[in-house]
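Residue strings, one per chain:
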Amino acid sequence: MLPADVPLCHLGPSVLLLLQLLLPSASAFFPNIWSLLAAPGSITHQDLTEEAALNVTLHLFLEQPPPGRPPLRLEDFLGRTLLADDLFAAYFGPGSPSRRFRAALGEVSRANAAQDFLPTSKNDPDLHFDAERLGQGRTRLVEALRETVAAAKALDYTLARQRLGAALHALQDFYSHSNWVELGRQQPHPHLLWPRQELRSLAQAGDPTCSDCEELSCPGNLLGFTLLTSGYFGTRPSKPPGKCSHGGHFDQSSSQPPRGGINKDSTSPGFSPHHMLHLQAAKLALLASIQAFNLLRSRLGDRGFSRLLDITPASSLSFVLDTTGSMGEEINAAKIQARHIVEQRRGTPMEPTQYVLVPFHDPGFGPVFTTSDPDSFWQQLNEMHALGGGDEPEMCLSALELALLHTPPLSDIFVFTDASPKDAFLTNRVESLTQERRCRVTFLVTEDPSRAQGRARREVLSPLRFEPYEAVALASGGEVIFTEDQYIQDVAAIVGDSIADLVTLPLEPRVVVAERPLVFRVDGLLQKVTVRIHGEVSSFWIRNPAGVSQGQEEGEGPLGHTHRFGRFWMVRVNDPPQSGTWEIQVTAKGTPRVRVQAQTSLDFLFHFGIPMEDGPHPGLYPLTQPVAGLQTQLLVEVTGLGSRGGPGGPLPHFSHVVLRGVPQGAELGQVPLEPRGPPERGLLAASLPPTLLSTSGPFSLELVGQDGVGRGLHRVAPQPCAVVPVLLELSGPRGFLAPGTTAPLSLRIASFSGPQDLHLRTSAKPSFALTSNLSRVHLEQNESAWGRLWLEVPDTAASDSVVMVTVTAKNGEASTMPPTHAFLRLLVQAPAPQDQLPAPAYSTDPVLNTSRPAFHFFTSVTQGGAGGGLVGNPWWTTFGVMLLLLGLGPW
């Protein structure tokens, strides 16, 4: 193992060659790309996190050649911008979507950035290696990494990414907030990630560390000594005489002698007195981040590490099944589709990464079955039969909520039932959870709401009883398909289609209008276009841009193949579809439903954020939904830009976003999209207009632009968004939940748009006892309230089980504003004795042939909403692959 201070000249000629590509002349340790407005050229926590992840992913791909494809060659990536799209295309094949991988990196990056914004973490010196609390900071860092491993092994990868983001934030802060760089160290600290190794040569309470500096830039204010120290920030704890400050405009301690500070967070002297060492600190923080990722890879194995970062183009497969006695045909249809998917995709890059199965009936639902083994899933599903029951309604939404808790983000969930929900009171919460998880829900219902006959009922049921399904489908970007038993197996074939990466093409108008055709646009990056029509249809036709038409006749036509299954029609358009404007004319009784979908790698992720400019760490506080009264930014990351047709070809680009009301599609406004960073990253931002932030209904996002040759592009977000009235922040305890304990939780509610009379409801899944000191609250504009919750974890709670706490804030009964939800994921785990923790093992690195170790305190807050992962990295081109190699040196 290389010592921490090994000179760079000892790293070998291959590494020295790559060093020539190393760094730009100016390069934060600020939270995310928005921070660059305050300190241009800085390297952010977001940059460090995502660059490290890409380097380790490339390393994984180099060590594990893709099945059926030629191995990757390191030389093909030297001197190039390291991009997720390019890595996936090289490893999995051209057009392989990196959307889930980039979304997972976005989760980690936002969890990292949130440490600077959340009230429970932003001022805690232990979480930022401030105030000479280096030993305590190392303890918290190692705890967060252990919790990452534990959550990943419990298959809760969302929680694992949250803990990983917190760990990486602390690790990266060490190199910016301590004097490790000033001591001349050129490699990461060799003991920071190893809890059994003592941190030595630490400055003690009586050791003076800094001299006075009255300038913004303080290059020589550290006293000449070899002890490790870090700066004090603010007033908690107060700075002792002779100690260094963090420094910068917003650090109150920096005005007390000795003035100045030592942080290297950015390139700006106004924020960072040691700004001249920002680049060196960033390099070491990046190398340390690569070490941390490699450590996790060793502890989890390649398969577990790939699941942690979703390093796959494949989705998951999740079924929610009604098992009452009338459901025999539906269960058989689910079995047939599952078997088909398992056999067709086994051993391919598109093999589902996780299988989830939740049964329900009345009065029960569950248990949930999750596995990554297709044979285990098939065995469990094959043992499921329709038994008992037969009356309506059933506990469908409870089962769906359980499935959402265990289904990975960006997945499809399929619900098979012939009954309405008994638990319709869960509708709003399930809507919000589908958007928080970014999961699309499709209901396959073998009962038409207009039919009077059917299975036995305990009561007279409303013809509107299926509306909760419609609401959840609309909120999630899914659909409700009514069919009959004899057609369910054919209609269920959409399951296999839907777990591919599909985009829904926008229709104009959004709903069928008599005597008016529906219009949609096809671009050259779409393939496998499918038109689905559902309802009492008497006739329809489809016309392509050349004027060629095809009617409703079944079989092969000039445009594609038409299938009919009762009231469900499906037209698979021949590839390649002609680019341009297409039309659909439908004549039907009632209001038929029309949906057009296609496969493409060009898509986008998004989330919202609040600019935080007045503070020590300017950046963007991430949100999943806009909050009324707050200046809000829309952050977009375009995925699949490599699909432009070849290296060096012109890039597709999006110029603006159209905001439309849901479901009617009325235009609410257009907002220009501004690029952030190099164009190949596809990072865009837009300021949402105040008029939109006062609307109460859901709205959709439609990106509009052009492909590389000037033809039009349209992409629609899979789920609608909504402006919520208040901001909720829900925080859990440090570490995990232990059986037989009571865990304190904290809640903050803030209003920015006027008086709010809020009713609060709390719940936990599973049903642990949960109490709160706050049930109602009145807030004026710009007012906040704090509350406490206590979660009782029973002695019988299973280790490695996930608990989800939900807080719902709703205005009075007459309010039209949607409720606001906050979700907090926690993991139950019995504490491990310290002396039983595994020591790191060692393995040989094939690239450098050096040794390397083989190897809750974060808030999961949503405001009931959808989201995606914005990732940004303005310095990719200069670091590139070199860091893959250099990062392994200390190991």
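Quantities reported herein were computed from a predicted structural model and do not represent experimental measurements.

**Remarks on the overall build of the protein chain**
Okay, step 1: Scanning the protein chain from N- to C-terminus turns up 16 helices and 35 strands.
Okay, step 2: Only carbon and sulfur atoms are counted for the fraction: they give 52% of the accessible area of the protein chain, which is about 31700 Å².

**Considering the pattern of salt bridges**
Okay, step 1: Inspection of the entire model under this criterion finds 38 salt bridges.
Okay, step 2: Among the ionic pairs, Arg297 bridges to Glu63, the shortest N-O distance being 2.3 Å. Pair noted here: Arg297 is in helix H7 (residues 278–308) and Glu63 is in helix H2 (residues 45–63), with a separation of 234 residues, a long-range link.
Okay, step 3: Given a relative accessible area of 23%, Glu63 falls into the partly exposed group.
Okay, step 4: We note a salt bridge from Asp156 to Arg825, for which the minimum N-O separation is 3.2 Å. In this pair, Asp156 is assigned in the loop between helix H5 (134–153) and helix H6 (157–177) and Arg825 in strand E33 (residues 820–828), connecting sequence segments 669 residues apart.
Okay, step 5: One network of salt bridges, with partners in common, ties together Asp85, Arg102, Glu637 and Arg681.

**Re helix H9 (residues 374–382)**
An α-helical turn contains 3.6 residues, so any two residues separated by three or four positions project in the same direction.
Okay, step 1: Residues of H9 that are buried include every one of Pro374, Phe377, Trp378 and Leu381, and no others. For H9, the angular spread of buried residues about the axis comes to 95°, placing them on one side.
Okay, step 2: Contact partners of the buried residues in H9: strand E1 (317–322), helix H8 (328–345), strand E2 (355–360) and strand E3 (369–371).

**Here's the deal with the environment of Pro219**
Okay, step 1: Relative to the helices and strands, Pro219 resides in the loop between H6 and H7.
Okay, step 2: Put simply, Pro219 and Pro273 are 54 residues apart on the chain and 7.3 Å apart in space, counted from C-alpha to C-alpha.

**Focus: the packing of helix H4 (residues 99–114) against H6**
Okay, step 1: With their axes 7 Å apart at the nearest point, H4 and H6 run at an angle of 50° to one another. As summarised for this structure, H4 and H6 are arranged oblique, according to the angle between their axes. For the crossing formed where H4 meets H6, the hand is right-handed. Along its contact with H4, which presents Ala104, Glu107, Val108, Ala111 and Asn112, the element H6 presents Thr158, Arg161, Gln162, Leu164, Gly165, Ala166, Leu168, His169 and Gln172.
Okay, step 2: In the contact of H4 with H6, the residues fall into 6 nonpolar, 6 polar and 2 charged.

**Here's the deal with the environment of Ser772**
Okay, step 1: Counting through the fold element by element, Ser772 comes out in strand E29 (residues 769–772).
Okay, step 2: Remark: the alpha-carbon pair of Ser772 and Pro744, spanning 28 residues in sequence, is separated by 9.8 Å.
Okay, step 3: Excluding residues that lie within four positions of it along the chain, Ser772 makes contacts with Thr762, Arg788, Leu789 and Trp790.
Okay, step 4: One polar contact links the side chain of Ser772 to the main-chain amide nitrogen of Leu774, over a distance of 3.1 Å.

**Some words on the sheet that holds strand E22 (residues 674–675)**
Okay, step 1: Taken in spatial order, the 5 strands make up an open sheet running E18-E17-E19-E23-E22, and their pairing is antiparallel. A strand with exactly one partner marks an edge of an open sheet, and here the two such strands are strand E18 (619–623) and E22.
Okay, step 2: Direction of pairing for strand E17 (residues 603–612) relative to strand E19 (residues 633–639): antiparallel, over a ladder of 7 bridges. Bridge assignment links Phe604 to a residue of E19, and that residue is Val638.

**Concerning the nonpolar core**
Okay, step 1: If you look at the biggest cluster of nonpolar residues, it comprises 98 residues, and the most contacted ones within it are Leu171, Tyr175, Phe293, Leu308, Leu309, Leu400 and Phe443.
Okay, step 2: Element by element, the count of residues in this core is highest for H7, at 16 residues.
Okay, step 3: Setting aside its immediate chain neighbours within four residues, Phe443 contacts Cys396, Leu400, Val415, Tyr469, Val472, Ala473, Glu479, Val480 and Ile481.

**Comments concerning the packing of H2 against H6**
Okay, step 1: Taken N-terminus to C-terminus, the directions of H2 and H6 make an angle of 110°; their axes are 10 Å apart at the nearest point. On the basis of their axis angle, the class for H2 and H6 is roughly perpendicular. Contact with H2, carried on its side by His45, Leu48 and Thr49, involves Leu168, His169, Gln172 and Asp173 of H6 and no other residues of that element.

**Remarks on the pairing of strand E20 (residues 653–661)**
Okay, step 1: Where E20 and strand E24 (residues 699–706) come together, 8 bridges link them in antiparallel fashion. Residue pairing across strands places His653 opposite Gln706, the latter belonging to E24.
Okay, step 2: Inspection of the sheet shows E20 paired to strand E21 (residues 667–672) by 5 bridges, in the antiparallel sense. By the bridge assignment for E21, His656 is matched with Pro672.

**Details of the state of the cysteines**
Okay, step 1: Within the structure shown, the criterion is met by 2 disulfides.
Okay, step 2: A sulfur-sulfur separation of 1.9 Å characterises the disulfide bridge that pairs Cys210 with Cys244. Judged by the sign of its S-S torsion, about 95°, the cystine formed by Cys210 and Cys244 is right-handed. Note that Cys210 is positioned in the loop between H6 and H7 and Cys244 in the loop between H6 and H7, a separation of 34 residues in sequence.
Okay, step 3: Bridging Cys213 to Cys218, the disulfide has an S-S length of 2.2 Å. The disulfide joining Cys213 to Cys218 has a torsion of about -90° about its S-S bond and is therefore left-handed. The pair formed by Cys213 and Cys218 is uniform in burial state, with each residue classed as buried.
Okay, step 4: Within the protein chain, bonded cysteines paired by disulfides and numbered along the sequence follow the pattern 1-4, 2-3.

**So, the confidence of the model for the protein chain**
A low pLDDT means the predicted coordinates there should not be read in detail.
Okay, step 1: Residues with a pLDDT of 70 or more make up 85% of the protein chain, whose mean pLDDT is 84.
Okay, step 2: Within the model, the stretch residues 1–28 combines pLDDT values under 50 with 62 contacts to residues more than four positions away or in other chains.
Okay, step 3: Within the model, pLDDT remains below 50 along residues 448–459, and this stretch shows 33 contacts once partners closer than five positions in the same chain are excluded.

**Overview of the packing of aromatic side chains**
Okay, step 1: The tally for this structure, following the rule as stated, stands at 23 aromatic pairs.
Okay, step 2: Each ring, one from Phe174 and one from Tyr175, has its centre 4.9 Å from the other, and the planes form 85°; the classification is edge-to-face.
Okay, step 3: For Phe174, a relative accessible area of 1% corresponds to the buried category.
Okay, step 4: Residues Phe319 and Phe377 carry aromatic rings whose centres are separated by 6.2 Å and whose planes lie at 55° to one another, so their mutual orientation is tilted. Remark: Phe377 occurs in helix H9 and Phe319 occurs in strand E1; sequence separation between them is 58 residues.
Okay, step 5: According to the relative accessible area criterion, Phe377 is buried, its value standing at 0%.
Okay, step 6: Among the aromatic side chains, those forming a connected cluster through ring pairs are Phe61, Phe88, Tyr91, Phe92 and Phe101.

**Notes on the side chain of Thr639**
Okay, step 1: Locating Thr639 in the fold gives a position in strand E19.
Okay, step 2: Its relative accessible area of 2% is what places Thr639 among the buried residues.
Okay, step 3: When sequence neighbours within four positions are dropped, the list of residues in contact with Thr639 reads Asp85, Arg99, Arg102, Ser601, Leu602, Asp603, Phe604 and Leu605.

**Overview of the sheet that holds strand E5 (residues 412–417)**
Pairing between the strands of a sheet comes from backbone hydrogen bonds, and it takes one of two forms, parallel or antiparallel.
Okay, step 1: Spatially, 6 strands are ordered E3-E2-E1-E5-E6-E8 in an open sheet, and the strand pairing comes out mixed. A single partner strand is all that each edge strand has here, and the edge strands are E3 and strand E8 (479–482). When strand polarity is set aside, the average angle formed by the axes of neighbouring strands in this sheet is 15°.
Okay, step 2: When E2 meets E3, the two strands line up antiparallel, connected through 3 bridges. Bridge pairing links Val356 to Thr370 in E3.
Okay, step 3: On top of the sheet, H8 reaches E1, E2 and E5; it is set at about 165° to E1, its chief contact.
Okay, step 4: Packed on one face of the sheet, helix H12 (residues 467–476) meets E5, strand E6 (440–445) and E8 and runs near 145° to E6.

**A short note on the pairing of E33**
Looking along a regular strand, one sees the side chains alternate between the two faces of the sheet.
Okay, step 1: Counting buried positions along E33 yields 9 of 9 residues, so the element is predominantly enclosed.
Okay, step 2: Burial along E33 is two-sided: Thr820, Ala822, Leu824, Leu826 and Val828 and His821, Phe823, Arg825 and Leu827, pointing in opposite directions, are all buried.
Okay, step 3: Here strand E32 (residues 801–810) runs beside E33; their pairing, made up of 9 bridges, is antiparallel. Along E33, the bridge assignment pairs Thr806 with Phe823.

**Focus on the side chain of Asn221**
Okay, step 1: Inspection of the secondary structure assignment puts Asn221 in the loop between H6 and H7.
Okay, step 2: Overall, Asn221 belongs to the buried group, its relative accessible area being 2%.
Okay, step 3: At a separation of 2.7 Å, a polar atom in the side chain of Asn221 contacts the side chain of His274.
Okay, step 4: Discounting chain neighbours no more than four positions away, the residues touching Asn221 are Thr209, Cys210, Ser211, Cys213, Gly261, Ile262 and His274.

The rules behind these values
Residues numbered from 1 in each chain as written. Predicted model: local features only at pLDDT ≥ 70, side-chain atom pairs only at ≥ 80, totals over all residues. Heavy atoms only, no water. Helix = DSSP H or I, 4+ residues; strand = E, 2+ residues; numbered from the N terminus. Areas by Shrake-Rupley, 256 points an atom, 1.4 Å probe, with all protein chains shown as cover. Salt bridge = Lys/Arg side-chain N within 4 Å of Asp/Glu carboxyl O. Buried < 20%, exposed > 50% of the residue type's maximum accessible area, 1.4 Å probe, protein only. Arc of directions from axis to C-beta. Contact = heavy atoms within 4.5 Å. Axes fitted to C-alpha atoms, helices over the stretch in contact; angles between N-to-C directions. Parallel < 35°, antiparallel > 145°, perpendicular 65-115°, else oblique. Left-handed = near helix turned anticlockwise from the far one by under 90°. Nonpolar A, V, L, I, M, F, W, Y, C, P; charged D, E, K, R; others polar. Polar contact = N/O pair within 3.5 Å; in protein donor to acceptor, adjacent residues only side chain to side chain. Pairing = 2+ DSSP bridges. Core = buried A, V, L, I, M, F, W, Y, C linked by side-chain atoms within 4.5 Å. Disulfide = S-S within 2.5 Å. pLDDT = per-residue confidence, 0-100. Phe/Tyr/Trp six-rings, centres within 6.5 Å; stacked < 30°, edge-to-face > 60°.

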